[in-house]
Amino acid sequence: MHKAAIVMMIRQASESNHWHNTAHYRSEAAAELIASASIRTLAQYQAFCNQNLRHEHMVPNIVLYRMIVSNPKPTHAWIVDLFARFSKRATITREEDRLLRATDMPQGFYAADNRELFENPLARYIEAGFADRLAPRTTAGWF
């Protein structure tokens, strides 16, 4: 009954008006595509990204939704921590996007005995084989 409201809360907590320019990670392949284009303004950057790349929630929103609704007593502090850890975004190529699980995380994400994947926002990227080709954002924006 509350799914739309919770999903909207997740989106508003994890996105901004400048999706690609504020993503937490960018793949090397996406960076190469951007570097090869002649982009001079933020508007051109956004248009290029929308046509050529994917702005991706590293942990799909449906996974966050399930975490929220499965907690019998979610507190404000718990939700803030959930978003801080899992509301990460990446700009990747369309080809890389096709390699990822669309709506779930690998089983290891949910298994406390899996040291590499347990609650790791990069779990889908590790499983797809290109986590090592993601660069974290180190500046206020990419452009």
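In case you missed it, the structure is sitting above this.
The structure displayed is predicted, hence computed values, not measured ones.

The rules behind these values
Residues numbered from 1 in each chain as written. Predicted model: local features only at pLDDT ≥ 70, side-chain atom pairs only at ≥ 80, totals over all residues. Heavy atoms only, no water. Salt bridge = Lys/Arg side-chain N within 4 Å of Asp/Glu carboxyl O. Helix = DSSP H or I, 4+ residues; strand = E, 2+ residues; numbered from the N terminus. Buried < 20%, exposed > 50% of the residue type's maximum accessible area, 1.4 Å probe, protein only. Axes fitted to C-alpha atoms, helices over the stretch in contact; angles between N-to-C directions. Parallel < 35°, antiparallel > 145°, perpendicular 65-115°, else oblique. Left-handed = near helix turned anticlockwise from the far one by under 90°. Contact = heavy atoms within 4.5 Å. Nonpolar A, V, L, I, M, F, W, Y, C, P; charged D, E, K, R; others polar. Phe/Tyr/Trp six-rings, centres within 6.5 Å; stacked < 30°, edge-to-face > 60°. Lys NZ or Arg CZ within 6 Å of the ring centre and 35° of its normal. Core = buried A, V, L, I, M, F, W, Y, C linked by side-chain atoms within 4.5 Å.

**Concerning the pattern of salt bridges**
Okay, so step 1: Evaluated as defined, the whole model comprises six salt bridges.
Okay, so step 2: R85 serves as the salt-bridge partner of D81, at 3.0 Å between the closest nitrogen and oxygen. Linking D81 with R85, this pair stays in helix α5 (residues 76-86), spanning four residues, or about one helical turn.
Okay, so step 3: You can call R85 partly exposed: its relative accessible area is 34%.
Okay, so step 4: We note a salt bridge from R85 to E119, for which the minimum N-O separation is 2.9 Å. Here E119 lies in the loop between α6 (94-99) and α7 (123-128) and R85 lies in helix α5, a separation of 34 residues in the sequence.
Okay, so step 5: Take E119: its relative accessible area is 30%, and that puts it in the partly exposed class.
Okay, so step 6: Overlapping salt bridges, with partners in common, bring together D81, R85 and E119 in one network.

**Structural notes on the packing of helix α1 (residues 3-14) against helix α4 (residues 61-70)**
Okay, so step 1: Two numbers describe how α1 lies on α4: the axes approach to 10 Å, and their chain directions differ by 120 degrees. When the interaxial angle is binned, α1 and α4 end up oblique. Pair α1 / α4 crosses with right-handed handedness. Touching K3, I6, V7, M9, I10, R11 and S14 of α1 are N61, I62, L64, Y65, I68 and V69, all from α4.
Okay, so step 2: Residues of the contact of α1 with α4, tallied by class, amount to nine nonpolar, two polar and two charged.

**Concerning the packing of aromatic side chains**
Okay, so step 1: Inspection of the entire model under this criterion finds three aromatic pairs.
Okay, so step 2: Aromatic pair Y125 and F130: ring centres 5.4 Å apart, planes at 80 degrees, arrangement edge-to-face.
Okay, so step 3: The class for F130 is buried, based on a relative accessible area of 0%.
Okay, so step 4: Counting every residue linked through ring pairs, the aromatic cluster contains F86, F109 and Y110.
Okay, so step 5: A cation over a ring is seen here: K3 above Y65, with NZ or CZ 5.5 Å from the ring centre.

**Overview of the nonpolar core**
Okay, so step 1: Counting residues in hydrophobic clusters, the biggest one holds 16 residues, and the most contacted among them are I10, V59, L64, M67, L82, F86 and F109.
Okay, so step 2: Mapped onto this core, the elements with two or more residues apiece are α1, α4 and α5.
Okay, so step 3: A total of five residues in this core trace back to one element, the largest contributor, which is α4.
Okay, so step 4: If sequence neighbours within four positions are ignored, F109 has contacts with V59, V63, M67, F86, L117, F118, E119, N120, P121 and A123.

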